[in-house]
Amino acid sequence: MLQQLKITWFSNIRADVLAGITTVLALIPDSLAFAFIAGVNPMISIYSTICILVLISIFGGRPAMVSSTAGSMAVLMTALVAQHGVEYLFAATILTGIIQLAMGLFKLGRWMSFVPHSVITGFINSLAILLFISQLRYFKGQSWLMYAMVIATLAIIYILPKFTKLVPSPLVAVGFMTVIVVFINMNLNTVGDLATIEPMIPFLHIPSIPFTFETLWILLPTAFSLAVVGYSETLLTQTIIDEMTEEKTSKDKEMKGQGIANTVTGFFGGMAGCALIAESAINVKVGGRGRLSTLVAGVALFILVFVLDDVLNSIPIAALVGVMMMVCIEVFDWKYFRNIRTKPLAHTVIMLTTVAIVIVTHDLAIGVIVGVLLSVLVYAYRSATQLQIQEEQNGDEKVYRVRGQLFFVSSDTLLDRIDFNDDTSNICLDLTATHVWDHSAVKTLDKIVDRLQNKGKNVRVLRQAVESQSKTA
């Protein structure tokens, strides 16, 4: 037990601490933006992020994966806040956490294995594109100094590691640009220009709402939507981080951790969150591997907001945009496009469709759902076209040997191959090399047997096991 704690918490102390501090720099503008999307005070998003980071570092199933308030979830909160107020949002956050905790307890994490690699690739690429698009708003109305600082930030990020890796280059870049802005009046927007950050320590708070079934029905649609979107984004991000670190972690434990984090956050007057691929990628890219990295991120954000608020307000937006541009470059799967000619056409179409839908709808969950459905259709089509039917004449009996998957798509192929006007009086359907998957296939078999028998033929059906109740003679 102690050895496991040492591995997950203290095996990578220096790198985890620096990674956590670096990750906070990317979280700050996003947390403020998510508050505006949800229509709440920016401080609600800030201390929700702090609370989620600390709790997920303790209870989560994927060390070094960063969880926070999220844009995809903030969008779902807008209507509830506008119609019923922020207290209902706190209650919905609690209910979201309870639903996610149940997801973990009932081991629903296994369902993420049904998301194919083409959809995951589409998820990653669409996120990188959306992230890039979201940064463009900061250039509006800015002078050439904005562009120069973004380029300078990127230059430091990519050049510094060639000389030293003692300190993460994004952290050095932001620190250097902040010093320049503090000592030279460059007329550039800073974090303080995005929102007024007034330190307010949250306390335990029971939402001030009527505890009735009517209230529950108001909360449930939003809470369920938040839980599902959080489930999707968190476990997709976990899959990606597992691949980046070449580790296998528990998705069910992660969902339980997300549930605990959101439930507690709701009781402290916060908004629900989930894992963020961009910030998680930063954390891992700069060396974060253990739970300490996300704990440090939460503590560092707390210190910045409640102790070093003057420093926080002085950080130039251009430097943070540079960091996020680096994330876009690193997250996007360039290798896939370099080798796109070697990829199966269906794989590429699914990936591009996922990307297109996410960019058009700005909803990662919709893109993933459509991508999975397309993958299912492709699989069904391929399985149906691989159904093999051989006809043999054994004495006075005609045998139809069927090999492959028999289900609602492929069953009509078998029906079309049966010659109901054949002169042979004895017919055998050999299904020993076939698996009958669904009720449609069973009904098709029943139809075949009925029509053959009505033609006065003796019908025999051979199967490995009883898979249906189709008629045999």
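Residues numbered from 1 in each chain as written. Predicted model: local features only at pLDDT ≥ 70, side-chain atom pairs only at ≥ 80, totals over all residues. Heavy atoms only, no water.

Across the sheet, 4 strands lie side by side as β3-β4-β5-β6; this open sheet has mixed pairing. This sheet does not close on itself; its edge strands, each paired only once, are β3 (388-394) and β6 (458-462). Sheet twist, expressed as the mean angle between neighbouring strand axes with direction ignored, is 20 degrees. Both strand β4 (residues 397-406) and strand β5 (residues 426-436) contribute to a ladder of 9 bridges, which runs parallel. The partner of Tyr 400 across the bridge, within β5, is Leu 429. Lying over the sheet, helix α20 (residues 439-454) contacts β4, β5 and β6, oriented at roughly 175 degrees with respect to β5. (Pairing = 2+ DSSP bridges. Helix = DSSP H or I, 4+ residues; strand = E, 2+ residues; numbered from the N terminus. Axes fitted to C-alpha atoms, helices over the stretch in contact; angles between N-to-C directions. Contact = heavy atoms within 4.5 Å.)

Scanning all chains against the criterion turns up 9 salt bridges. With a closest N to O distance of 3.5 Å, Lys 285 and Glu 330 form a salt bridge. Of this pair, Lys 285 sits in helix α12 (residues 277-285) while Glu 330 sits in helix α15 (residues 317-331), placing them 45 residues apart in sequence. The exposure class assigned to Lys 285 is partly exposed, which follows from its relative accessible area of 46%. Connected via shared salt-bridge partners are Glu 391, Lys 398, Arg 417 and Asp 422. (Salt bridge = Lys/Arg side-chain N within 4 Å of Asp/Glu carboxyl O. Buried < 20%, exposed > 50% of the residue type's maximum accessible area, 1.4 Å probe, protein only.)

As a further point, take the pairing of β6. Of the two faces of β6, the one holding Val 459 and Val 461 is buried and the one holding Asn 458, Arg 460 and Leu 462 is not buried anywhere. One ladder, built from 5 bridges, connects β5 with β6; its direction is parallel. Counterpart to Cys 428 in the pairing with β6 is Arg 460. In the classification by handedness, the crossover that spans β5, the intervening α20 and the parallel β6 is right-handed. (Right-handed = clockwise from strand over helix to strand, strands pointing away.)

Let us now look at unusual backbone geometry. Even without a glycine there, the phi angle at Lys 107 is positive, about 55 degrees. Tracing the chain through its elements places Lys 107 in the loop between α5 (86-105) and α6 (117-135). Even without being glycine, Glu 246 reaches a positive phi, approximately 55 degrees. With respect to the helices, strands and loops of the structure, Glu 246 is situated in the loop between α10 (213-245) and α11 (251-267).

Looking now at α6. For α6, spanning 19 residues, the distance from its first C-alpha to its last is 27 Å, which sits close to the expected 27 Å at 1.5 Å a residue. Counting buried positions along α6 gives 14 out of 19 residues, so the element sits mostly inside the fold. (Expected span 1.5 Å × (residues − 1).)

Another point: the confidence of the model for the protein. The predicted model of the protein has a mean per-residue pLDDT of 88, with 96% of residues at 70 or higher. Counting interchain partners and residues more than four positions distant, the pLDDT-below-50 stretch residues 465-473 has 22 contacts. (pLDDT = per-residue confidence, 0-100.)

Moving on to the pairing of β3. Here β3 pairs with β4 via 7 bridges, running antiparallel. Directly across from Gln 393, in β4, lies its bridge partner Lys 398.

At a minimum axis separation of 8 Å, α5 and α10 run at an interaxial angle of 55 degrees. By the angle between their axes, α5 is oblique relative to α10. Crossing angle aside, the handedness with which α5 passes α10 is right-handed. In this structure, α5 uses Tyr 88, Ala 91, Ala 92, Leu 95, Thr 96, Ile 99, Gln 100 and Met 103 to contact α10, whose residues at the interface are Thr 215, Leu 216, Ile 218, Leu 219, Leu 220, Ala 223, Phe 224, Leu 226, Ala 227, Val 228, Gly 230 and Tyr 231. Here the residues of the contact of α5 with α10 sort into 16 nonpolar, 4 polar and no charged. (Parallel < 35°, antiparallel > 145°, perpendicular 65-115°, else oblique. Left-handed = near helix turned anticlockwise from the far one by under 90°. Nonpolar A, V, L, I, M, F, W, Y, C, P; charged D, E, K, R; others polar.)

The subject of this paragraph is the environment of Leu 166. Along the chain, Leu 166 falls in the loop between α7 (144-159) and α8 (169-183). For Leu 166, a relative accessible area of 56% translates into the label exposed. In this structure, the C-alpha to C-alpha distance between Leu 166 and Phe 123, residues 43 residues apart in sequence, is 32 Å. Sequence-distant contacts of Leu 166, defined by excluding residues within four places in its chain, comprise Arg 14 and Leu 18.

Okay, the packing of helix α2 (residues 13-38) against α8 next. Put simply, α2 and α8 touch, their axes get as near as 9 Å, and they point 50 degrees apart. As far as their axial angle goes, α8 and α2 are oblique. For the pair α2 and α8, the sense of crossing is left-handed. On the side of α2, the interface is formed by Leu 18, Ile 21, Thr 22 and Leu 25, while α8 contributes Pro 170, Leu 171 and Val 174. Its residues assigned to classes, the contact of α2 with α8 comprises 6 nonpolar, 1 polar and no charged.

Within the element layout of this structure, Met 103 appears in helix α5. You can call Met 103 buried: its relative accessible area is 9%. Taking C-alpha positions, Met 103 is 7.5 Å from Asp 252, a pair spaced 149 residues apart along the chain.

We now examine a nonpolar patch on the surface. On the surface, Ile 201, Phe 203, Val 299, Phe 302, Ile 303, Val 307, Leu 308 and Val 311 cluster together into a nonpolar patch covering about 720 Å² of accessible area. Per element, the largest residue contribution to the nonpolar patch is 3 residues, and it comes from helix α13 (residues 291-306). When you line up the elements, Phe 302 lands in helix α13. (Patch = residues over 30% accessible without salt bridge, like charges linked within 9 Å, V, L, I, M, F, W, Y side chains within 5 Å. Areas by Shrake-Rupley, 256 points an atom, 1.4 Å probe, with all protein chains shown as cover.)

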